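Structure at a glance
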Protein chains: 2
Amino acid sequence: MRYHKIPDETVKRLPRYLRAAVLLRRGGKKKLSSSELAEFIGSNSTQIRKDFSYFGSFGTRGVGYDTQKLIKQISKILKLDGQREAILIGVGNLGSAILAYEGFSIYGLLIKAVFDNNLRKIGKKLNGLVIEDIAKLKSIRPKKIKMAILTVPSNQAQHVTDKLVDNNIRGILNFTSCRIEVPRKVKVVSIDIALDMARLPYYMQ
Amino acid sequence: MRYHKIPDETVKRLPRYLRAAVLLRRGGKKKLSSSELAEFIGSNSTQIRKDFSYFGSFGTRGVGYDTQKLIKQISKILKLDGQREAILIGVGNLGSAILAYEGFSIYGLLIKAVFDNNLRKIGKKLNGLVIEDIAKLKSIRPKKIKMAILTVPSNQAQHVTDKLVDNNIRGILNFTSCRIEVPRKVKVVSIDIALDMARLPYYMQ
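Reference entry: report on the structure contained in this document. From a predicted model like this one, the values you see are computed outputs, not experimental measurements.

What counts, and where the lines are drawn
Residues numbered from 1 in each chain as written. Chains lettered and ligands numbered in written order. Predicted model: local features only at pLDDT ≥ 70, side-chain atom pairs only at ≥ 80, totals over all residues. Heavy atoms only, no water. Helix = DSSP H or I, 4+ residues; strand = E, 2+ residues; numbered from the N terminus. Buried < 20%, exposed > 50% of the residue type's maximum accessible area, 1.4 Å probe, protein only. Areas by Shrake-Rupley, 256 points an atom, 1.4 Å probe, with all protein chains shown as cover. Phe/Tyr/Trp six-rings, centres within 6.5 Å; stacked < 30°, edge-to-face > 60°. Contact = heavy atoms within 4.5 Å. Salt bridge = Lys/Arg side-chain N within 4 Å of Asp/Glu carboxyl O. Polar contact = N/O pair within 3.5 Å; in protein donor to acceptor, adjacent residues only side chain to side chain. Least-squares fit on C-alpha atoms with pLDDT ≥ 70 in both. Axes fitted to C-alpha atoms, helices over the stretch in contact; angles between N-to-C directions. Parallel < 35°, antiparallel > 145°, perpendicular 65-115°, else oblique. Left-handed = near helix turned anticlockwise from the far one by under 90°. Nonpolar A, V, L, I, M, F, W, Y, C, P; charged D, E, K, R; others polar. Pairing = 2+ DSSP bridges. Expected span 1.5 Å × (residues − 1).

**With respect to the overall build of chain A**
When helices and strands are counted, chain A shows 7 helices and 9 strands. If you line up chain A on its principal axes, its C-alpha atoms span 60 × 45 × 35 Å. Taken across its 205 residues, chain A has 48% of its residues classed as buried. About 10,300 Å² of surface is accessible on chain A, with carbon and sulfur atoms providing 48% of the total.

So, in structure tokens, the structure goes:
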């Protein structure tokens, strides 16, 4: 089931709520109010309650949310209960940093395989995964992995993207500074790591 | 001058508009309509016009925006015309990837110095910058640099943050998975590179 009427801005905020709930639960919190959540994120509780209202209410007035239930519910809405596994393409500095990053586990995301075209890298082990030859991308097909993290050099971005699409990848997290062209059935989320820095001066005193 | 009434969501979108305008101008576009901008970003033109309305109108109906003027105006609102220089702390995989990333120049941002505490790294050159000893952070004071990019291991995040604050850093782009505590006068923007991946399954078919 898809929730067609959820505004995109709300969808963008949901991972933040999920992250906060997971971290607060790890810290021992079993119940959570919208104002605690707001304080943790640096948002406001009216916004949070409004965002949650799109999915029906899953809190109790004056009591707050059951943290575990909240995590399950948001994961379900984001479809993170079904789609969890990804591959990573391009083991340069950024690719290596992403592989080592603990943050994916917060959302239940797993990097299951990693590929490169550099013969000196192929066969080596990194974070428990053997780096595979990009020419053998076909190996992911029986695993039914649908997501890929793209950290190749810009001049290879489109070529690799085409290969990913050919091998049934349907979602791409694009860290290259290129726009990549994909068929309509494939969704791309592009990340510009400089973007958040561009609003830092605005907030500074 | 600060524009106190601009909603935070609008401020968050401004860097995207700026980025699009810079890239389109590089591609030769001298005039730009809100729908062209919307198409480039994958947003909608009503939203863009509404966001721009907070700063007075700087487009002409039916003609659109002068791309160069638009870039200047957004840069000014974001205070990117004043605050441009940053240092980077922690030259691991992520730090190295950020140093090599071309994307900062789009916003006029410049990484002017880079620090680490690893004796094997100090003194080496990376992307035209000599890696300096974090113990000598004081050297940035006369340069009046106010922004720092934090890419140290999590267990060093708070300690390094305290040092940054002592040396007059007032804005921190935090790539560690920790929450860092800072005095009120310091602004932190935290980045979770996994966050955007958590909404990919939602969009996938």
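**Describing the packing of aromatic side chains**
Residue and element names in this part refer to chain A. Following the criterion strictly, the structure yields 8 aromatic pairs over all chains and no others. Centre to centre, the rings of phenylalanine 52 and tyrosine 65 are 5.3 Å apart; their planes meet at 85°, and the pair counts as edge-to-face. Placement of the pair is phenylalanine 52 in helix 3 (residues 45-53) and tyrosine 65 in strand 2 (residues 65-66), with a sequence separation of 13 residues. Looking at phenylalanine 52, the relative accessible area reads 3%, which means it is buried.

**Remarks on the interface of chain B and chain A**
Taken together, the contact pairs 58 residues of chain B with 58 residues of chain A. Linking chain B with chain A are 4 salt bridges, by the criterion used here. One salt bridge in this structure joins aspartate 192 of chain B and arginine 19 of chain A, with 3.0 Å as the shortest N-O distance. Inspection of the region where chain B meets chain A yields 16 residue pairs in polar contact (both at pLDDT 80 or more). Broken down by secondary-structure element, the contributors of at least two residues to the side of chain B that touches chain A are helix 1 (8-26), helix 2 (34-41), helix 5 (93-100), strand 7 (147-150), strand 8 (171-174), strand 9 (187-190) and helix 7 (200-203) of chain B.

**Structural notes on the relation of the copies chain B and chain A**
Mapping chain B onto chain A leaves a residual RMSD of 0.0 Å; the transformation is a rotation of 180° accompanied by 0.1 Å of translation along its axis. In symmetry terms, the pair is related by a two-fold rotation axis. When C-alpha positions in chain B are compared against the rotation axis, the closest is assigned to asparagine 93 of chain B, at 2.3 Å. When the interface residues of chain B are mapped onto chain A, 100% of them again lie at the interface, so the same face is used by both copies.

**Remarks on the packing of helix 1 (residues 8-26) of chain A against helix 4 (residues 67-77) of chain A**
Residues and elements named next belong to chain A. Direction vectors running N to C along helix 1 and helix 4 enclose 150°, while the axes themselves pass 9 Å from each other. Classified by the interaxial angle, the pair formed by helix 1 and helix 4 is roughly antiparallel. As for the relative orientation of helix 1 and helix 4, their crossing is left-handed in sense. For the pair helix 1 and helix 4, contact is made by Leu14, Tyr17, Leu18, Ala21, Val22 and Arg25 and by Thr67, Gln68, Leu70, Ile71, Ile74, Ser75 and Ile77, respectively. A breakdown of the residues in the contact of helix 1 with helix 4 according to their chemical character gives 9 nonpolar, 3 polar and 1 charged.

**Considering unusual backbone geometry**
All names here are of chain B. Unusually for a residue other than glycine, lysine 79 sits at a positive phi of about 60°. Position of lysine 79 relative to the elements: it lies in the loop between helix 4 (67-77) and strand 3 (85-89). Take lysine 79: its relative accessible area is 24%, and that puts it in the partly exposed class. One non-glycine residue, lysine 144, adopts positive backbone phi at about 60°. Along the polypeptide, lysine 144 turns up in the loop between strand 6 (129-133) and strand 7. A relative accessible area of 64% means that lysine 144 is categorised as exposed.

**With respect to the sheet that holds strand 9 of chain B**
Residue and element names in this part refer to chain B. Overall, mixed pairing links the 7 strands, which are arranged 5-6-4-3-7-8-9 in an open sheet. Across the chains shown, the open sheet's two edge strands, defined by having one partner strand only, are strand 5 (125-126) and strand 9. Strands in contact with helix 6 (residues 157-166) are strand 3, strand 7 and strand 8; relative to strand 7, the strand with the most contacts, it is inclined by about 170°.

**Points about the pattern of salt bridges**
Any two side chains of opposite charge can pair, given that their charged atoms come close. Enumeration over the complete set of coordinates arrives at 14 salt bridges over all chains. Its salt-bridge partner being glutamate 36 of chain A, residue lysine 29 of chain A comes within 3.0 Å of it at the nearest N-O pair. Residue arginine 199 of chain B is joined to aspartate 196 of chain B by a salt bridge in which the shortest nitrogen-to-oxygen separation is 2.9 Å. For aspartate 196 of chain B, a relative accessible area of 21% corresponds to the partly exposed category. Through salt bridges with shared partners, one network takes in Glu9 of chain A together with Arg13 and Asp51 of chain B.

**A look at helix 1 of chain A**
Given a rise of 1.5 Å per residue, 19 residues ought to cover 27 Å, and the 28 Å separating the end C-alpha atoms of helix 1 of chain A matches this to within 8%. Buried residues of helix 1 of chain A: Thr10, Val11, Arg13, Leu14, Pro15, Tyr17, Leu18, Arg19, Ala20, Ala21, Val22 and Leu24 of chain A, and no others. Buried positions along helix 1 of chain A lie against strand 1 (31-32), helix 2 (34-41), helix 3 and helix 4 of chain A together with helix 1 and helix 7 of chain B. Phi turns positive, to about 105°, at glycine 28 of chain A, one or two residues after helix 1 of chain A.

**Some points on the pairing of strand 6 of chain B**
Residues and elements named next belong to chain B. Pairing of strand 4 (residues 110-116) with strand 6, which is carried by 3 bridges, proceeds in the parallel orientation. Across the sheet, aspartate 116 pairs through a bridge with aspartate 133, a residue of strand 6. Bridging between strand 5 and strand 6 involves 2 bridges; their strand directions are antiparallel. Of the residues in strand 6, the one forming a bridge with lysine 125 is valine 130. Taking the residues between adjacent antiparallel strands as the criterion, strand 5 and strand 6 are bridged by 2 residues, where asparagine 127 takes a positive phi near 50°.

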